[in-house]
Amino acid sequence: MPKITFVDIALWILVAAGFVGGLNLSIINFKGVPCPHLGFVPVCYVVTAAYALMIVAIIIRHNGIKHYCFAAGWGTAFVIALLASIAEFFAGGGVCPTSGGSVRGAGGSTPLCYISLAMLVAILVLFLFGPYRRACALENEN
């Protein structure tokens, strides 16, 4: 059993926060408050699934599957957060859900796509310095 480090705890906290945030937005959307769509699927559902894949990647022991799950989840969430942040910035607001509780355009609130983008950069760094580095070290030992 690998030793749990600060990196692992920080990674868990950020991924869990992203998952819970996406889940909360999905529940709000399910109750009728609109969430931006990607085709016919609300983006908040896709982001929740992406964070769920990252959770699977942290839990699973098989290093090959771990990396594929993480890459699929992180890549999906990152592309959505990046594109939404660009759209939010250039549209002058109203594209992303906000930290003020509104799904779109609450004045003075931080767009969640900005927060998600920052979290995803931190999650990548933590994953690379934690689970990925351990997996590489284990592979190099063999």
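Think of each chain on its own: its residues are numbered from 1, step by step along the sequence as written. For a predicted model such as this one, the threshold for reporting local features is a pLDDT of at least 70, and the threshold for listing and counting side-chain atom pairs is 80 or more; totals across whole chains, interfaces and linings nevertheless cover every residue. Hydrogen atoms and water are omitted, and side-chain values are computed over all heavy atoms in the structure.

A.B. asks: Pulling in residues and values, what's your account of the environment of Gly 73?
C.D. replies: Helical segments are the DSSP runs of H or I of at least four residues, strand segments are the runs of E of at least two, and each set is numbered from the N terminus. Mapped onto the fold, Gly 73 is located in helix H3 (residues 63-91). Considered as a pair, Gly 73 and Ile 9 are 64 residues apart in the sequence and their alpha carbons are 19 Å apart. Working rule for contacts: check all heavy atoms of both residues, and any pair within 4.5 Å makes them a contact. Those residues in contact with Gly 73, other than ones at most four positions away along the chain, are Ala 50, Leu 53 and Met 54.

A.B. asks: Summarise a nonpolar patch on the surface; cite the residues concerned and give the values.
C.D. replies: Each patch is built from residues lacking any salt bridge and having more than 30% relative accessible area; the joining distance is 9 Å for like charges and 5 Å for nonpolar side chains (Val, Leu, Ile, Met, Phe, Trp, Tyr). Note on areas: Shrake-Rupley, 1.4 Å probe, and residue coverage restricted to the protein chains presented here. Counted as salt bridges are all cases of a side-chain nitrogen of Lys or Arg within 4 Å of a carboxyl oxygen of Asp or Glu. Nonpolar side chains collect at one region of the surface, where Val 79, Leu 82, Leu 83, Ile 86, Phe 89, Phe 90 and Tyr 114 lie side by side and expose about 710 Å² of accessible area between them. No other element matches H3, which puts six residues into the nonpolar patch.

A.B. asks: How would you summarise the packing of H3 against helix H4 (residues 112-141) if you had to cite specific residues and measurements?
C.D. replies: Helices that pack against each other are described as a pair by the angle of their axes relative to one another and the distance between those axes. Contact geometry for H3 and H4: axes closest at 9 Å, N-to-C directions at 160 degrees. Classed by the angle they form, the pair H3 and H4 counts as roughly antiparallel. As H3 packs across H4, the resulting crossing turns out to be left-handed. For helices, the fitted line uses only the C-alpha atoms of the stretch in contact; every axis is such a line through C-alpha atoms, and the angle between N-to-C directions lies from 0 to 180 degrees. Here roughly perpendicular refers to angles of 65 to 115 degrees, roughly parallel to angles under 35, roughly antiparallel to angles over 145, and oblique to all remaining angles. Definitions for this section: a left-handed crossing has its near helix turned counterclockwise from the far helix by less than a right angle. A right-handed crossing has that turn clockwise.

A.B. asks: Please give an account of the packing of aromatic side chains that cites residues and values.
C.D. replies: Pairs of aromatic rings are described using the distance from one ring centre to the other and the angle between the two planes. What counts as a ring pair is set by centres within 6.5 Å for rings of Phe, Tyr and Trp (its six-membered ring), and what kind of pair is set by the plane angle: stacked under 30 degrees, edge-to-face over 60, tilted for all other angles. Across all of its chains, the model carries three aromatic pairs by this definition. Measuring from ring centre to ring centre gives 4.7 Å for Trp 74 and Phe 78, while their planes differ by 10 degrees; the resulting arrangement is stacked. Taken together, the residues span about one helical turn, with Trp 74 and Phe 78 both in helix H3 at a distance of four residues. Three labels apply to residues, based on accessible area from a 1.4 Å probe with only protein chains included: buried if under 20% of the type maximum, exposed if over 50%, partly exposed otherwise in between. Judged by its relative accessible area of 15%, Trp 74 is buried. Considering the side-chain rings of Phe 89 and Phe 90, the 5.1 Å spacing of their centres and the 85 degrees angle between planes classify their relative orientation as edge-to-face. For the pair formed by Phe 89 and Phe 90, the shared burial category is exposed.

A.B. asks: How would you summarise H4 if you had to cite specific residues and measurements?
C.D. replies: In this model, H4 (30 residues) spans 41 Å end to end at C-alpha, consistent with the 44 Å of a helix rising 1.5 Å per residue. For H4, the full list of buried residues reads Cys 113, Ser 116, Leu 117, Met 119, Leu 120, Ile 123, Leu 126, Phe 127, Gly 130, Pro 131 and Ala 135. Tucked into the core, H4 has its buried residues touching helix H1 (6-30), helix H2 (43-59) and H3. Helix span, as expected, comes to 1.5 Å for every residue beyond the first.

A.B. asks: Describe the side chain of Asp 8, listing the residues and the values that go with them.
C.D. replies: Along the polypeptide, Asp 8 turns up in helix H1. A 3.5 Å cut-off defines polar contacts: any pair of N or O atoms within that distance qualifies, except that in protein one atom must be a possible hydrogen donor and the other a possible acceptor, and neighbouring residues in sequence count only when both atoms are side-chain atoms. Of the polar contacts made by the side chain of Asp 8, one reaches the side chain of Arg 134; its length is 2.8 Å. Leave out the neighbours within four places in its chain, and Asp 8 touches Lys 3, Pro 131 and Arg 134.

A.B. asks: Break down the state of the cysteines for me, citing the residues and quoting the values.
C.D. replies: A pair of cysteine sulfur atoms is labelled a disulfide when the two atoms are within 2.5 Å. Counted by the stated rule, this structure contains one disulfide. The side chain of Cys 96 participates in a disulfide bridge whose partner is Cys 113; the two sulfur atoms lie 2.1 Å from each other. What sets the handedness of the Cys 96 and Cys 113 disulfide is the S-S torsion sign, and at about 95 degrees it is right-handed. On the criterion of sequence distance, the pair formed by Cys 96 in the loop between H3 and H4 and Cys 113 in helix H4 is long-range, its members being 17 residues apart. On the accessibility criterion, Cys 96 (2% relative accessible area) is buried. A relative accessible area of 6% means that Cys 113 is categorised as buried.

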